[in-house]
Amino acid sequence: MLRDRKYLDWLRTQRCILTGQHGTESEAVDPAHIGTAGKGLKSPDNEALPILHKHHQRMHDHGEMTILRLELPDAVFRAALRAYAREMYEEWKND
(Lines give C-alpha, C1' and ligand atoms only; values in the text may rest on other atoms or scores of the structure.)
Protein backbone atom coordinates (compact mmCIF):
# COMPACT_ATOMS: atom_id res chain seq x y z
CA MET A 1 0.00 0.00 0.00
CA LEU A 2 1.31 3.41 -0.97
CA ARG A 3 1.95 5.70 2.01
CA ASP A 4 1.47 9.45 1.95
CA ARG A 5 4.70 10.40 3.74
CA LYS A 6 3.94 14.14 3.70
CA TYR A 7 0.58 13.59 5.38
CA LEU A 8 2.04 11.22 7.97
CA ASP A 9 4.80 13.75 8.72
CA TRP A 10 2.15 16.47 9.11
CA LEU A 11 0.18 14.28 11.56
CA ARG A 12 3.31 14.09 13.72
CA THR A 13 3.09 17.89 14.17
CA GLN A 14 -0.50 17.80 15.39
CA ARG A 15 -1.85 17.54 18.92
CA CYS A 16 -2.65 14.09 20.26
CA ILE A 17 -6.40 13.54 19.97
CA LEU A 18 -6.42 11.84 23.38
CA THR A 19 -4.48 14.40 25.43
CA GLY A 20 -4.34 17.58 23.36
CA GLN A 21 -0.54 17.62 23.74
CA HIS A 22 2.01 18.23 21.01
CA GLY A 23 4.89 15.80 20.72
CA THR A 24 8.19 16.54 22.44
CA GLU A 25 11.72 15.21 22.10
CA SER A 26 10.91 12.61 24.75
CA GLU A 27 7.34 11.79 23.64
CA ALA A 28 6.56 11.93 19.92
CA VAL A 29 3.14 12.00 18.30
CA ASP A 30 2.64 8.97 16.04
CA PRO A 31 0.24 8.55 13.16
CA ALA A 32 -1.88 5.70 14.56
CA HIS A 33 -3.69 3.77 11.83
CA ILE A 34 -7.08 2.59 13.05
CA GLY A 35 -9.64 0.14 11.82
CA THR A 36 -7.68 -3.05 11.08
CA ALA A 37 -6.48 -4.04 14.54
CA GLY A 38 -5.56 -7.68 14.83
CA LYS A 39 -5.64 -8.29 11.08
CA GLY A 40 -1.95 -7.69 10.40
CA LEU A 41 -2.84 -4.89 7.98
CA LYS A 42 -2.55 -1.13 8.09
CA SER A 43 -5.55 0.95 7.23
CA PRO A 44 -5.18 3.74 4.67
CA ASP A 45 -3.39 6.93 5.70
CA ASN A 46 -6.69 8.82 5.71
CA GLU A 47 -7.66 6.58 8.66
CA ALA A 48 -4.67 7.58 10.81
CA LEU A 49 -4.93 9.77 13.90
CA PRO A 50 -2.26 11.74 15.79
CA ILE A 51 -1.66 9.92 19.09
CA LEU A 52 1.20 10.22 21.58
CA HIS A 53 3.62 7.33 21.24
CA LYS A 54 2.88 5.91 24.71
CA HIS A 55 -0.84 5.69 23.90
CA HIS A 56 -0.13 4.31 20.43
CA GLN A 57 1.97 1.58 22.03
CA ARG A 58 -0.82 0.87 24.53
CA MET A 59 -3.18 0.48 21.55
CA HIS A 60 -0.87 -2.22 20.15
CA ASP A 61 -0.53 -3.91 23.54
CA HIS A 62 -4.16 -3.78 24.73
CA GLY A 63 -6.23 -3.16 21.60
CA GLU A 64 -7.01 0.10 19.89
CA MET A 65 -10.67 0.18 20.88
CA THR A 66 -9.90 -0.55 24.53
CA ILE A 67 -7.55 2.43 24.74
CA LEU A 68 -9.79 4.71 22.68
CA ARG A 69 -12.77 3.88 24.92
CA LEU A 70 -10.70 4.67 28.01
CA GLU A 71 -8.95 7.81 26.79
CA LEU A 72 -11.00 9.50 24.07
CA PRO A 73 -12.34 12.88 25.24
CA ASP A 74 -16.12 13.26 25.15
CA ALA A 75 -15.89 16.11 22.62
CA VAL A 76 -14.03 13.90 20.12
CA PHE A 77 -16.44 11.02 20.71
CA ARG A 78 -19.45 13.31 20.16
CA ALA A 79 -17.90 14.74 16.97
CA ALA A 80 -17.36 11.21 15.63
CA LEU A 81 -20.96 10.25 16.39
CA ARG A 82 -22.28 13.44 14.77
CA ALA A 83 -20.22 12.72 11.63
CA TYR A 84 -21.53 9.15 11.57
CA ALA A 85 -25.12 10.37 11.99
CA ARG A 86 -24.69 12.85 9.11
CA GLU A 87 -23.23 10.08 6.95
CA MET A 88 -26.21 7.82 7.73
CA TYR A 89 -28.65 10.64 6.88
CA GLU A 90 -26.93 11.32 3.55
CA GLU A 91 -26.97 7.61 2.71
CA TRP A 92 -30.69 7.43 3.53
CA LYS A 93 -31.44 10.61 1.55
CA ASN A 94 -29.59 9.32 -1.52
CA ASP A 95 -31.26 5.88 -1.58
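Definitions and limits used
Residues numbered from 1 in each chain as written. Predicted model: local features only at pLDDT ≥ 70, side-chain atom pairs only at ≥ 80, totals over all residues. Heavy atoms only, no water. Helix = DSSP H or I, 4+ residues; strand = E, 2+ residues; numbered from the N terminus. Buried < 20%, exposed > 50% of the residue type's maximum accessible area, 1.4 Å probe, protein only. Contact = heavy atoms within 4.5 Å. Areas by Shrake-Rupley, 256 points an atom, 1.4 Å probe, with all protein chains shown as cover. Lys, Arg positive; Asp, Glu negative; His and termini not counted. Charge placed at Lys NZ, Arg CZ, Asp CG, Glu CD. Core = buried A, V, L, I, M, F, W, Y, C linked by side-chain atoms within 4.5 Å. Salt bridge = Lys/Arg side-chain N within 4 Å of Asp/Glu carboxyl O. Pairing = 2+ DSSP bridges.

Peer 1: Any details on the overall build of the protein? Residues and values, ideally.
Peer 2: Each helix and strand counted, the protein has 4 helices and 2 strands in total. Reading the protein from its N terminus to its C terminus gives the helix and strand order α-β-β-α-α-α. Each principal axis of the C-alpha atoms in the protein carries an extent, and together these give about 50 × 30 × 25 Å. Going through the 95 residues of the protein one by one, you find that 23% of them count as buried. In the protein, the proportion of contacts linking residues at least 24 apart, taken out of those at least 6 apart, comes to 52%. Accessible surface computed for the protein: about 7,100 Å², of which carbon and sulfur atoms make up 55%. A gap of 2 Å separates the mean positions of the 14 positive and 15 negative side-chain charges of the protein.

Peer 1: Explain the nonpolar core to me, and be specific about the residues and the numbers.
Peer 2: Counting residues in hydrophobic clusters, the biggest one holds 9 residues: Cys16, Leu18, Val29, Ala32, Ile51, Leu52, Met59, Ile67 and Leu68. For this core, the secondary structure elements donating two or more residues are β1 (29–33), β2 (48–52) and α3 (64–71). The residues touching Val29, leaving out its near neighbours within four places in the chain, are Leu11, Arg12, Gln14, Cys16, Gln21, His22, Gly23, Pro50, Ile51 and Leu52.

Peer 1: Account for the pattern of salt bridges, with residues named and values stated.
Peer 2: Scanning the model with the defined rule gives 4 salt bridges in all. Arg3 is the salt-bridge partner of Asp45, the closest N and O atoms lying 3.3 Å from each other. One end of the pair, Asp45, is in the loop between β1 and β2; the other, Arg3, is in the segment before α1 (5–11), with 42 residues separating them in the sequence. Assessed through its relative accessible area of 7%, Asp45 is described here as buried. With a shortest N-O distance of 3.2 Å, Arg58 and Glu71 are connected by a salt bridge. You can see Arg58 sitting in helix α2 (residues 53–62) and its partner Glu71 sitting in helix α3, a full 13 residues away along the chain. Taking the relative accessible area as the measure of exposure, Arg58 reaches 25% and is therefore partly exposed. Residue Glu71 is classed as partly exposed on the basis of its relative accessible area of 29%.

Peer 1: Could you give me a rundown of the pairing of β1, with the residues and numbers involved?
Peer 2: Taken across its 5 residues, β1 has 5 buried, putting it largely inside the fold. Here β1 shows two buried faces, one formed by Val29, Pro31 and His33 and the other by Asp30 and Ala32. Across 5 bridges, β1 lies against β2 in antiparallel orientation. When the sheet's bridge partners are listed, Val29 is paired in β2 with Leu52.

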